[in-house]
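Close look at the chain arrangement
Each chain, letter by letter, is given below.
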Amino acid sequence: MKCVSGKNSYDSEEVAKEALIQNRIRFNHRKGSGPINIYECSDCGAWHFTSTGVEASFLNDDEVVKRVEKEIRLRDWADEFN
Ligand SMILES: [Zn+2]
């Protein structure tokens, strides 16, 4: 489904959350930069990222923080051999 906003669309909150976490891992954004939250779109009904407003609280969950740090460490470690 294509949205007038031109943003990537995610079917559910859960899918959008996971995609946002993966995005943080992939781009290793500094705190407060890059997409920081998700929202349900009033145009298309799907979920999108936003980089404005308040940071999503789930990004600060212990489990998520640890996972992001671990994935980034693993990736950086792999990069050294490329
Ligand atoms: Zn939309």
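Report follows, based on the coordinates. (Residues numbered from 1 in each chain as written. Predicted model: local features only at pLDDT ≥ 70, side-chain atom pairs only at ≥ 80, totals over all residues. Heavy atoms only, no water.)

**Considerations on the pattern of salt bridges**
Counted under the stated rule, the structure contains two salt bridges. Between Arg75 and Asp76 there is a salt bridge whose closest N-O contact spans 3.6 Å. A relative accessible area of 26% means that Arg75 is categorised as partly exposed. (Salt bridge = Lys/Arg side-chain N within 4 Å of Asp/Glu carboxyl O. Buried < 20%, exposed > 50% of the residue type's maximum accessible area, 1.4 Å probe, protein only.)

**A short note on the coordination of the zinc ion**
Ligation of the zinc ion by protein atoms is provided by Cys3 (SG), Cys41 (SG), Cys44 (SG) and His48 (NE2), these donors lying 2.1 to 2.4 Å from the ion. Around the zinc ion, the four donor atoms sit at angles spanning 104 to 118 degrees, and that spread fits a shape best called tetrahedral. Read N to C, the donor residues that coordinate the zinc ion are spaced as C-x37-C-x2-C-x3-H. Side by side, Cys41 and His48 carry an identical accessibility label, which is buried. (Donors = N, O, S within 2.8 Å, 3.2 Å for Na, K, Ca; no water. Tetrahedral: all angles 85-135°; square planar, octahedral: opposite > 155°, others 65-115°.)

**A few points about the packing of aromatic side chains**
Summed over the entire model, instances satisfying the criterion amount to one aromatic pair. On the numbers, 5.1 Å between centres and 20 degrees between planes, the contact of Tyr10 with Phe49 is stacked. Of this pair, Tyr10 sits in the segment before helix H1 (13-27) while Phe49 sits in strand S2 (residues 47-50); the two residues are 39 residues apart in sequence, bridging distant segments of the chain. Across the pair, exposure class does not vary: Tyr10 and Phe49 are buried alike. (Phe/Tyr/Trp six-rings, centres within 6.5 Å; stacked < 30°, edge-to-face > 60°. Helix = DSSP H or I, 4+ residues; strand = E, 2+ residues; numbered from the N terminus.)

**Quick look at helix H2 (residues 62-79)**
Across its 18 residues, H2 extends 26 Å between first and last C-alpha, which sits within 8% of the 26 Å expected from 1.5 Å per residue. Lining the buried residues of H2 we find H1. (Expected span 1.5 Å × (residues − 1). Contact = heavy atoms within 4.5 Å.)

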